[in-house]
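For reference, the chains in residue letters:
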Amino acid sequence: MPPLPSPLPIDDALPALRAALAAHPAAVLEAPPGAGKTTRVPLALLDAPWLAGRSIVMLEPRRLAARAAARWMARQLGEEAGGTVGYRVRRDARVGPRTRVEVVTEGILARMLAGDPALEAVGLVIFDEFHERSLQADLGLALTLESQGVLRPDLRVLVMSATLDGAPVARLLGDAPVVTSAGRSFPVGIRYAPRRPEPRQLEAAVAATIREALAADPGDLLAFLPGAREIQRTRERLEDGGVDALVVPLHGSLDAGEQDRAIRPDPGGRRKVILATSIAETSLTIDGVRIVVDGGYARVPRFSPRTGMTRLETVRVTRAGAAQRAGRAGRQAPGTCWRLWPEAEQAGLVPFQQPEILEADLAPLALALADAGVADAATLRWLDPPPAPTLAQARELLRELGALDAAGRITPHGRELLALGTHPRLAHLLLRGRALGLGTLACRLAALLGERDILQGEGVPPDADVSLRLEALAGRTPPPSVHGFTVRRDAAFRVRDEAEALARDLGLGRGGDAPADPADAGRLLALAYPDRVAARREGAAGRYLLRNGRGAAFPTRQALAESAWIVAAELDGAGAESRILLAAAVELEAILEAFGDQVTREDEVRWDDAAGTVRARRVERLGALVLREGALAEPDPARVAAALADGIRGRGLAALPWGEGAARLRERIAFLRALDAAWPDWSDAALLASLDEWLVPRLAGMRKLADLARLDLGALLLDRLDWRQRGRLDELAPTHVTVPSGSRLPVDYADPRAPVLAVRLQEMFGATDTPRVGGGRVPLTLHLLSPAHRPVQVTQDLAGFWRTSYFDVRKDLRGRYPKHPWPDDPLAEAPTRRAKPRPRE
């Protein structure tokens, strides 16, 4: 190994690191930015005795950093990448038979472990920039520790971080030693803005600050913005204003060549302004940068298990991220960082960004775990375990895609998805599209879904119809606009390039397959987003119900909003009803063809309260969606009766045709139950609770409330009494009582505590005993009536009435009713139902 030039701060820590790894299977290296850990440590460990000639694999969280680190190390050895040092990232590999240090990213380590769980040819796995806590880094570390613990106790693991507290990681690694290195950073002056710009004002503020910084300080400039859209707008502002520098973008959507050109010095020697996302925060030294302009925002993906969707959120940069960004200005010489927020806000920034595993879509992780044979994620060692609800939702999606079987094991199709190295949704779209002879269209759709929208509107969001994007990609050169929406031509070219690369991955060749009708887009999108197939809500144009039960709506009026069925490929996931940002119409036949094995068919018998009848239909469902339905000619009578009973329960017992006799019967039973709890409870609540016992068996042949008129509810209730109760009912609670006049009058049991007998006063002459019911235990409450049948006295003491109150009543009424008897001695008078006979002439 030739001596390495340019001493770096990490060199002083290398002896301690070598000793730690010689004595322990794992170690943690804390080294601030500029220490040189990424490019120095792998080379310094190549001749370690414990490595025994095996290779070193180093995981980098970003493709740009992986390629740059490998090339830098190779140059230190006087070689090109692919010799002693190589790299492997998606669609780009520089490795050879002599490669001893391999820098990898994007899940490649997980696939290496799935293919060779023991990593027989590897002696050391390094996790660089672990403070970024990428999903792939957490997954790779968990799988590597499992391999080390079960198959390879001699395998070394090294975790390197610039800002993360190493103690928790050391505990995870089995109380591994922590080695600390000093950093190399030239002084960086910090300048704060008087106030923080709102996100919508960010491009103007950054462009103005860049002009001010270029005039005030020497060197190239690196500016941080949240995403590609803000980068493009800032670039346009700078170029329109005639800035005296070469302005270049740097973000993850660029191809490898464009990214490499952004970080290399300008061949013409011009001053350079690099507009970058967080991709440029770590693991990367960009020659010539002396100025950093930090817009103060970052764009991060946030996955919601509630909606099943991931959306990008613009958030304030963390304190650790701000420190990393500022450090870019001091890598090679003193520099300046211009922060677009007040100094008073600095201490209030969140210290670190949340680990991606806690906020990301876990479908890729779930598929990788299944490929590694891990049925239960809890059996692995995690710094932060994946959230159980999110992981369960990811596995459900993979089952819908056919990547996992019912037991959660990976299927052959799942392994094909992994091999494509893209999100399982898109990989499924590509493979199924190729099988359907729609590979070219599938590639274009997958590329569109992986890129920011290629259309933009003036003041309004562009139409959501994906066919407009496909139209923009139809020719060799994207048009300037489509249906009134501007085409972002740089993004459109990237989509075309990615689509062609995907076609090569699928083995479609230069010509691909036959051109496809854009109408097939919905058919293919449904394969990638089975959970987002949606049906238009009845009577609500533009509003939809998704298969997963969530609501969604188009933000503006558009033609696609009239489609009965759509696939919503992109939603914002906000609120009770998400906005549909990208979608395609799909035919019901295509849905049935794609998901026929997941469609449930059932005979549904339910109560329709609005119509007052039972509806019986045969329904085909896909999740929350009703695909097809039709009337059921001969539904199960028992289910019809049960549904009708549900309607009665909902409306209450008043829905039943209570005739006079049935209602009076219930009152009589209530009276008897008040005397003796052995009598049945026929209250509303009790009868509703027991509908299945006394009513449902009698509902055969009935569907509507009107049909209930055929019921004799009194007879149904009497059938519930045993023979003794039937025998004593009339004895204890007679419907009528015969009074002294001979009249047979009804007893009113509405108040079970005080039954009432309404009788004209004259019919009770001569009687002293109050009539009783309940086997003589309960005196009736007498409502003594005038000849006009109006109550004149209420009493349970008839004898007392004759002695006292009668004479007051007589005085008041005999003048009013002279034809009726009002004797001085009512007990001596014969009871009568008639008036006094007329005198003979």
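All values derive from a computational prediction rather than experimental measurement.

## As for the overall build of the protein chain
Along its length, the protein chain carries 28 helices and 34 strands. Taken against the 2.2 N^0.38 rule, which gives 28 Å for 841 residues, the C-alpha radius of gyration of the protein chain at 43 Å runs more than 25% over that of a compact globule. Relative to its 841 residues, the protein chain shows a buried fraction of 53%. The contacts of the protein chain with a sequence gap of at least 6 include a subset with a gap of at least 24, amounting to 67%. Of the roughly 37500 Å² of accessible surface on the protein chain, a fraction of 50% belongs to carbon and sulfur atoms. The averaged location of the 108 negative side-chain charges in the protein chain is 3 Å from the averaged location of its 112 positive side-chain charges.

## Here's the deal with the sheet that holds strand β9 (residues 188-192)
In space, the six strands of this open sheet follow the order β9-β16-β13-β10-β12-β11, with parallel pairing throughout. The strands lining the two open edges of the sheet, one partner per strand, are β9 and β11 (246-250). Ignoring strand direction, the axes of neighbouring strands in this sheet form an average angle of 20°. Bridging between β9 and strand β16 (residues 335-339) involves five bridges; their strand directions are parallel. In the strand pairing of β16, arginine 191 is matched with tryptophan 338.

## Some words on the sheet that holds strand β34 (residues 791-795)
As summarised here, the arrangement of the five strands in space is β28-β29-β30-β33-β34, forming an open sheet in which the pairing is mixed. In this open sheet, the two strands that pair with only one neighbour each are β28 (736-738) and β34. Each strand axis lies, on average, 30° off the axis of its neighbour in the sheet, ignoring direction. Where strand β33 (residues 781-785) and β34 come together, four bridges link them in antiparallel fashion. Residue pairing in the sheet places leucine 782 in a bridge with threonine 795 of β34.

## Quick notes on the environment of proline 168
Mapped onto the elements of the fold, proline 168 is located in helix α6 (residues 166-172). A sequence separation of 217 residues divides proline 168 from proline 385, and the C-alpha atoms of the two residues are 14 Å apart.

## Topic: the packing of helix α5 (residues 135-150) against helix α12 (residues 363-371)
One can describe the packing of α5 onto α12 by two numbers: an axis separation of 11 Å at closest approach and a directional angle of 20°. Overall, the two elements α5 and α12 adopt an arrangement that is roughly parallel. Here α5 runs over α12; the crossing is right-handed. For the pair α5 and α12, contact is made by Leu135, Leu139 and Leu143 and by Leu365, Ala368 and Leu369, respectively. Taken together, the residues that form the contact of α5 with α12 break down as six nonpolar, no polar and no charged.

## Considering empty space enclosed by the protein
Counted by the stated rule, this structure contains five cavities of 30 Å³ or more. Computed from the structure, the largest cavity encloses a volume of approximately 50 Å³. Every residue along the wall of the largest cavity is listed here: Arg432, Leu436, Arg523, Leu527, Ala590, Glu593 and Ala594. Sorting the residues of the lining of the largest cavity by element identifies α19 (521-528) and α20 (588-595) as the ones contributing at least two each. The element contributing the most residues to the lining of the largest cavity is α20, with three residues.

## Some details on the packing of aromatic side chains
Counting across every chain of the model gives eight aromatic pairs. Pairing phenylalanine 671 with tyrosine 749 gives two aromatic rings, centres 5.1 Å apart and planes at 45°, and the pair type is tilted. Taken together, the residues phenylalanine 671 in helix α22 (residues 660-675) and tyrosine 749 in the loop between β29 (744-748) and β30 (756-760) connect sequence positions 78 residues apart. Note on phenylalanine 801 and tryptophan 802: the rings are 5.2 Å apart at their centroids and 50° apart in plane angle, and the pair reads as tilted. You'll find phenylalanine 801 and tryptophan 802 in the same group, each marked buried. Here the aromatic residues Phe765, Phe801, Trp802, Tyr806 and Phe807 are joined through ring pairs into a cluster of three or more.

## Considering the pattern of salt bridges
Summed over the entire model, instances satisfying the criterion amount to 56 salt bridges. A salt bridge links arginine 133 to aspartate 384; the nearest nitrogen and oxygen atoms lie 2.8 Å apart. Residue arginine 133 is located in the loop between β6 (122-127) and α5, and its partner aspartate 384 is located in the loop between α12 and α13 (388-400); the two are separated by 251 residues in the primary sequence. A relative accessible area of 22% places aspartate 384 in the partly exposed class. Notably, a salt bridge pairs arginine 664 with glutamate 667, separated by 2.8 Å at the nearest N-O pair. In this pair, arginine 664 and glutamate 667 are both assigned in helix α22, three residues apart and thus about one turn of the helix distant.

Each value, and the rule that gives it
- Residues numbered from 1 in each chain as written.
- Predicted model: local features only at pLDDT ≥ 70, side-chain atom pairs only at ≥ 80, totals over all residues.
- Heavy atoms only, no water.
- Helix = DSSP H or I, 4+ residues; strand = E, 2+ residues; numbered from the N terminus.
- Rg over C-alpha atoms; globule rule 2.2 N^0.38 Å.
- Buried < 20%, exposed > 50% of the residue type's maximum accessible area, 1.4 Å probe, protein only.
- Contact = heavy atoms within 4.5 Å.
- Areas by Shrake-Rupley, 256 points an atom, 1.4 Å probe, with all protein chains shown as cover.
- Lys, Arg positive; Asp, Glu negative; His and termini not counted.
- Charge placed at Lys NZ, Arg CZ, Asp CG, Glu CD.
- Pairing = 2+ DSSP bridges.
- Axes fitted to C-alpha atoms, helices over the stretch in contact; angles between N-to-C directions.
- Parallel < 35°, antiparallel > 145°, perpendicular 65-115°, else oblique.
- Left-handed = near helix turned anticlockwise from the far one by under 90°.
- Nonpolar A, V, L, I, M, F, W, Y, C, P; charged D, E, K, R; others polar.
- 1 Å grid on protein atoms, 1.4 Å probe; cavity = no way out; pocket = protein on both sides within 12 Å on 5 of 7 lines; lining within 4 Å.
- Points joined across faces, edges and corners; volume = space filled by probe spheres on them.
- Phe/Tyr/Trp six-rings, centres within 6.5 Å; stacked < 30°, edge-to-face > 60°.
- Salt bridge = Lys/Arg side-chain N within 4 Å of Asp/Glu carboxyl O.

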